[in-house]
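Chain by chain, the residues run as shown.
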Amino acid sequence: IRIATLRTLDVSKNNLKSLGHLERLTNLKSLHCENNKLPAGALSSVSTLSKLQTLIAGGNLLGNPVATGGAAQPKPLPVLPAALKQLVLDHNHFSTVPRSVVASTLIRLEKLDLSYNQLATLPEEIGNLKKLEELKLDNNMIVALPETIGTLLKLKVLSLRENAISVTSTLFSAKNPQPLPASLFADTPLIDLNLHGNNLTSTQLNEFDGYKAFLDRRQKVKTAGLYGGAMTNLDVCGLE
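Residues numbered from 1 in each chain as written. Predicted model: local features only at pLDDT ≥ 70, side-chain atom pairs only at ≥ 80, totals over all residues. Heavy atoms only, no water.

Chemist: What should I look at first to understand the overall build of the protein chain in this one?
Modeler: Looking only at helices and strands, the protein chain features three helices and eight strands. In sequence order, the secondary structure elements of the protein chain are arranged as β-β-β-β-β-β-β-α-β-α-α. In terms of overall size, the protein chain behaves like a compact globule, its C-alpha atoms giving a radius of gyration of 19 Å where 240 residues would be expected to give roughly 18 Å. With the principal axes as the frame, the protein chain shows a C-alpha extent of 55 × 50 × 30 Å. The buried share of the protein chain, reckoned over its 240 residues, is 42%. A separation of at least 24 residues holds for 53% of the contacts in the protein chain among residues at least 6 apart in sequence. On the protein chain, roughly 12300 Å² of surface is accessible, and the fraction owed to carbon and sulfur atoms is 52%. A distance of 10 Å separates the average location of the 25 positive side-chain charges in the protein chain from that of its 20 negative side-chain charges. (Helix = DSSP H or I, 4+ residues; strand = E, 2+ residues; numbered from the N terminus. Rg over C-alpha atoms; globule rule 2.2 N^0.38 Å. Buried < 20%, exposed > 50% of the residue type's maximum accessible area, 1.4 Å probe, protein only. Contact = heavy atoms within 4.5 Å. Areas by Shrake-Rupley, 256 points an atom, 1.4 Å probe, with all protein chains shown as cover. Lys, Arg positive; Asp, Glu negative; His and termini not counted. Charge placed at Lys NZ, Arg CZ, Asp CG, Glu CD.)

See the structure below:
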């Protein structure tokens, strides 16, 4: 087989610290390199893969600083191909979201997984991902989401299990902002929200601005399901 014609490459579970040069894989559409030991900068050649649609790179060390002998630290991730539709970066020791993950060039990205990192916040640039349908942020330290989350007009699935979202009072104000913006509930097509493991009760969630619109939308999905349409998880977002 000619290397240039390769469309799928799986090098997962190999203890790799480098991927070498991938530039010749000009037709690659799917790259699995999860569960290796890839450090920051190890995916630099991914930026040349203009046809890449799927990048699965969880279980690496992309968020860890590397020994550079005093030189500048490499960026955790390079500029990512605009063709990407699925990006999985769980278990990578990120304390912040790499800028290239929320770049405005990722106009086709539909699924993003940043679970099991050390994220406390999401950048406002998350709103750049206009085609995003599924966002997984489980097992981080997130305390709130930015207002721009409400501009994701394709978002249907959001998982925030085991984070640090909490409220002391549901009398929200400028000094006590709602941790999940009303626009998330009212302006997106979100139907599947998982908040299990946060210090939040279903009673408190019911007091959130916009939440009624979310419940109404989910009820329509349930009704559609009774007549053979799509179904979703209709519990109270994993809360008691």
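Chemist: I'm lost on the sheet that holds strand 4 (residues 86-88) in this one. Help?
Modeler: What links the strands of a sheet is backbone hydrogen bonding, and the strands pair in either a parallel or an antiparallel sense. With parallel pairing, the eight strands of this open sheet are ordered in space as 1-2-3-4-5-6-7-8. In the strand order of this sheet, the two ends are held by strand 1 (8-10) and strand 8 (192-194), each with one partner. Here the strands of the sheet are splayed against their neighbours by 5° on average, with no regard to which way each runs. Judged from the three bridges that link them, strand 6 (residues 134-136) and strand 7 (residues 157-159) form a sheet pairing that is parallel. Bridge pairing in strand 7 places Glu 134 opposite Val 157. (Pairing = 2+ DSSP bridges. Axes fitted to C-alpha atoms, helices over the stretch in contact; angles between N-to-C directions.)

Chemist: Sorry, what's going on with the confidence of the model for the protein chain here?
Modeler: Averaged over every residue, the pLDDT of the protein chain is 93; the share at 70 or more is 94%. Low pLDDT, under 50, characterises residues 228-232; the stretch is placed with nine contacts to residues that sit more than four places away or in other chains. (pLDDT = per-residue confidence, 0-100.)

Chemist: Would you take a moment to explain the pattern of salt bridges for this structure?
Modeler: When the charged atoms of two side chains with opposite charge come close together, those side chains can pair. For the structure on display, the rule yields three salt bridges. Measuring nitrogen to oxygen at the nearest pair gives 3.6 Å for the salt bridge that ties Lys 136 to Glu 134. Classification of Lys 136 by relative accessible area gives partly exposed; the value is 32%. Across the pair Asp 216 and Lys 212 runs a salt bridge, and its minimum N-O distance is 3.0 Å. Taken together, the positions of Asp 216 and Lys 212, both in helix 3 (residues 211-226) and four residues apart, correspond to about one turn of that helix. (Salt bridge = Lys/Arg side-chain N within 4 Å of Asp/Glu carboxyl O.)

Chemist: I'm lost on the side chain of Asp 113 in this one. Help?
Modeler: In this structure, Asp 113 sits in strand 5 (residues 111-113). The side chain of Asp 113 sits in the buried core without any salt bridge; Lys 136 is the nearest counter-charge, 5.0 Å away. Setting aside anything within four residues of it in sequence, one finds Asp 113 in contact with Leu 87, Val 88, Leu 89, Asp 90 and Lys 136.

Chemist: Before we go on, may I ask you to explain the packing of aromatic side chains in this structure?
Modeler: Where two aromatic rings form a pair, the distance of their centres and the angle of their planes describe that pair. Tallied over the entire structure, the rule returns five aromatic pairs. With a centroid separation of 5.2 Å and an interplanar angle of 85°, the aromatic rings of Phe 172 and Phe 208 are classed as edge-to-face. In this pair, Phe 172 is assigned in the loop between strand 7 and helix 1 (182-186) and Phe 208 in the loop between helix 2 (202-206) and helix 3, connecting sequence segments 36 residues apart. Between Phe 185 and Phe 208, the aromatic rings sit 6.4 Å apart at their centres with planes inclined by 75°, giving edge-to-face as the arrangement. Taken together, the residues span a long stretch of sequence, with Phe 185 in helix 1 and Phe 208 in the loop between helix 2 and helix 3 at a distance of 23 residues. Assessed through its relative accessible area of 0%, Phe 185 is described here as buried. In this structure Phe 208 comes out as buried when scored by relative accessible area, which is 3%. Joined through ring pairs, the aromatic side chains of Phe 172, Phe 185, Phe 208, Tyr 211 and Phe 214 make up one cluster. (Phe/Tyr/Trp six-rings, centres within 6.5 Å; stacked < 30°, edge-to-face > 60°.)

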